[in-house]
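Residues per chain, in single letters:
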Amino acid sequence: MSMRSERLAERIHARFGDDAELLHGTANELTLIVAPEQLIETATALRDEPGLEFAMLVELAAVDYLVYGLDEWKTRSATESGFSRGVVRGSPPVSAETPQRFAVAYHLLSLSLNHRLRLRCYPAAGDPPRLPSVNDVWPSANWLEREAFDLFGILFDGHPDLRRILTDYGFIGHPFRKDFPLIGQVQVRYDADEKRVVYEPVDIEPRTLVPRVIRDDHRYDPAMKD
Amino acid sequence: MAEIRSFTMNFGPQHPAAHGVLRLVLEMDGETIQKADPHIGLLHRATEKLAESKPFNQSIGYMDRLDYMSMMCNEHAYVLAIERLLGITPPLRAQYIRVLFDEITRVMNHLMWLAAHGLDIGAMTIFLYCFREREDLLDCYEAVSGARMHATYYRPGGVHRDLPLEMPRYEGSRFRSKQGTDKLNEARSGSLLDFIEDFTDRFPACIDDYETLLTDNRIWKQRTVNIGVVSPERAMALGFTGPMLRGSGIAWDLRKKQPYEVYSEMDFDIPVGTNGDCYDRYLVRMEELRQSNRIIRQCVRWLRENPGPVSIADQKIVPPRRVDMKDDMESLIHHFKLYTEGYCVPEGEVYAAIEGPKGEFGCYMVSDGANKPYRVKLRPPAFIHLSALDEMVRGHMLADVVAVIGTIDVVFGEVDR
């Protein structure tokens with residue numbers, strides 16, 4: 001696999017220039033970072049040009065980097081009162097205007113050459129974030145982009161039918177954003193007096209059973225491996 | 001003459017052929033479909049978001065509940081993603097056990113698919129035959145994990161425990177004669193591997209039975225031949241994987257092309273179709289049953305001869321043995337930390353894909369170095385296949401929609417997540 005990814009990396013540099021932002025990640029996976037303006041052009045080139053031939057878009061995943069690298073439980077430094085305990089409630093400490101808050105990762109597969117590539121694109125800052133749709137390049141993007149729109153609120157310009165797909169009819173908000181609470185915003189019950197189902201704000205407290213901690217573990221540090 | 005106008009019809013969500021909670025809005029011209037608009041999400045429970053709020057190991061059980069017809073294959077993709085981020089490889093015996101159970105799962109899934117698909121389009125008998133064999137495989141799940149369906153058996157670093165040396169047996173009851181009980185226990189007198197081997201001896205004849213019922217059956221062919229035809233180019237563009245892609249004639253199988261675990265050691269063939277219709281996909285899946293049977297036999301042979309550990313020894317990731325905890329402080333601490341806080345996974349992102357029974361089941365995982373995944377995105381094959389439903393059913397009759405839904409092998413646990 002690594003031979004193959006090296007060969008692919010060479011081809012990508014040959015096609016998109018030596019300054020193409022190509023990351024070598026875990027398990028020999030290649031990630032090509034592309035600006036929103038160049039997305040369609042790059043995608044078409046990746047699909048059609050010999051040596052690349054990514055005929056298939058297998059996966060499209062949106063990521064919200066709002067609280068990336070933030071832990072809920074400080075374990076690195078002790079204070080006079082010992083380590084901090086549990087979780088401090090409140091809104092996420094980063095503002096919603098964070099640049100590069102959202103990213104969309106396109107996972108491409110070439111059946112003829114048997115290699116994979118991840119294409120990552122950061123929509124420009126602003127709400128709602130917008131990206132051009134790759135639906136015309138790979139038709140399989142249709143539902144995947146609808147899902148990313150539904151769960152993250154990313155608008156895909158040029159998509160033929162950008163409706164919500166997984167959430168309920170009439171749902172408000174984008175539930176997979178990191179500032180959307182896990183317990184949701186509303187709860188539903190049947191009201192016997194009104195003889196209909198009513199929506200109310202949730203009345204349960206959000207709970208964290210296990211706080212998020214980040215610990216340095218030198219065993220997995222690539223620099224420490226012999 | 002009366003004027004004929006097209007109308008809109010609601011198919012599901014409570015329809016036995018909708019395989020769960022599929023709501024289809026069909027625009028019809030008489031009996032002919034002009035447009036199909038699937039409404040999904042009625043079973044959406046935000047598995048990915050839940051997984052982001054829990055330590056890594058606590059979400060393995062959720063993976064079983066995605067595609068609840070191929071439980072261990074879903075676990076496999078999730079566990080594989082964690083292992084790649086951690087940079088660990090399970091011992092060889094664990095890899096063989098995983099391949100063994102992946103294939104058992106594939107057989108189970110295809111049996112369930114065949115039973116339901118047959119029932120949907122009018123072949124009633126096949127249902128009972130398939131469930132008879134599936135029952136034995138569920139017993140294998142139970143023997144190895146304690147649960148018939150939601151096993152939570154694969155763990156990062158290996159599998160939860162070794163294969164049992166004794167297969168659970170039926171107990172006598174007042175509803176069953178002693179003879180009947182003995183007959184049921186005949187294959188269960190030895191270990192789990194004996195039981196599986198006995199199953200693989202019996203199973204090819206069972207597949208012949210199914211094929212006798214269906215393959216040359218006139219009604220079956222009328223319902224499936226030339227229904228839902230997808231060309232190879234179109235199948236690639238639509239993101240098809242698994243039997244849907246192979247049915248269109250593309251020999252693509254991750255087990256062969258990008259082997260994981262010990263699939264590179266296995267001897268098996270990739271069946272492909274020629275026309276890309278429902279009948280070809282049926283034939284592909286039937287042949288996959290036979291090939292899976294071959295792989296299972298190879299695994300059983302290897303596992304008999306090679307005892308060894310089934311998970312890595314690193315107690316930061318795999319819990320210590322129960323016995324050690326009684327008098328070893330270190331083990332007790334490890335156990336406590338592992339089951340409360342979990343382990344931290346180094347920063348990075350990875351996409352791990354396996355060849356699930358329905359197609360490529362992938363898990364894209366982003367970790368920021370915490371004890372919980374930062375983002376988990378699952379790639380359910382049926383979600384992609386269902387998005388092509390509109391294209392596959394256009395111009396067909398209403399009854400063919402059922403055949404196409406069946407051939408996609410859709411399970412809503414994974415489509416809606």
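In this report, we go over the structure that sits alongside the text. (Residues numbered from 1 in each chain as written. Chains lettered and ligands numbered in written order. Predicted model: local features only at pLDDT ≥ 70, side-chain atom pairs only at ≥ 80, totals over all residues. Heavy atoms only, no water.)

With that out of the way, let us pick up unusual backbone geometry. Residues and elements named next belong to chain B. Despite not being glycine, threonine 152 has its phi angle at roughly 50°, a positive value. By secondary structure assignment, the location of threonine 152 is in the loop between α5 (125–145) and β4 (154–155). On the accessibility criterion, threonine 152 (21% relative accessible area) is partly exposed. The backbone of glutamate 261 sits at a positive phi, close to 45°, despite the residue not being glycine. Tracing the backbone through its elements, the reader meets glutamate 261 in the loop between α11 (254–257) and α12 (278–305). (Helix = DSSP H or I, 4+ residues; strand = E, 2+ residues; numbered from the N terminus. Buried < 20%, exposed > 50% of the residue type's maximum accessible area, 1.4 Å probe, protein only.)

With 67 residues of chain B at the contact, the number on the chain A side is 61 residues. Buried area between chain B and chain A, both sides added, is near 5200 Å², and the carbon and sulfur share of it is 56%. Put simply, chain B and chain A have ten salt bridges between them. Put simply, Arg215(A) and Glu341(B) hold a salt bridge, and the shortest N to O gap is 2.6 Å. (Contact = heavy atoms within 4.5 Å. Buried area = accessible area lost by both parts, 1.4 Å probe. Salt bridge = Lys/Arg side-chain N within 4 Å of Asp/Glu carboxyl O.)

Residues Tyr106(A) and Phe101(B) are the most contacted members of the largest nonpolar core, which totals 181 residues. Element by element, the count of residues in this core is highest for helix α4 (residues 92–120) of chain B, at twelve residues. For Tyr106(A), the contacting residues outside a window of four places in its chain are Leu39(A), Leu57(A), Glu59(A), Leu60(A), Leu117(A), Arg118(A), Leu119(A), Cys121(A), Leu131(A), Pro132(A), Val134(A) and Phe156(A). (Core = buried A, V, L, I, M, F, W, Y, C linked by side-chain atoms within 4.5 Å.)

Residue and element names in this part refer to chain B. Compared with the 30 Å implied by 1.5 Å per residue over 21 residues, the 31 Å span of α5 between its first and last C-alpha is a close match. Those residues of α5 lying buried are Ile126, Cys130, Glu133, Arg134, Asp136, Leu137, Leu138, Asp139, Cys140, Tyr141, Ala143 and Val144. Buried-residue contacts for α5 involve α3 (71–86), α4 and α7 (192–214). In the stretch just after α5, glycine 146 is the one whose phi turns positive, near 95°. (Expected span 1.5 Å × (residues − 1).)

With that settled, consider helix α17 (residues 398–408) of chain B. All names here are of chain B. With ten of eleven residues buried, α17 is to be regarded as a mostly interior element. All of the buried residues along α17 are Leu398, Asp400, Val401, Val402, Ala403, Val404, Ile405, Gly406, Thr407 and Ile408. Downstream of α17 by a residue or two, aspartate 409 has a phi angle that is positive, lying close to 60°.

As a further point, take the sheet that holds strand β7 (residues 360–367) of chain B. Residues and elements named next belong to chain B. Across the sheet, which stays open at both edges, the three strands sit in the order β6-β7-β8 with antiparallel pairing between neighbours. In the strand order of this sheet, the two ends are held by β6 (348–355) and β8 (375–379), each with one partner. Averaged over all neighbouring strand pairs, the angle between strand axes comes to 10°, with direction disregarded. Two strands pair when backbone bridges link them, and β7 and β8 are joined in this way by five bridges, in the antiparallel orientation. When the bridges of β8 are listed, tyrosine 364 appears paired with lysine 377. (Pairing = 2+ DSSP bridges. Axes fitted to C-alpha atoms, helices over the stretch in contact; angles between N-to-C directions.)

Geometric descriptors of this kind do not, in isolation, establish any biological role.
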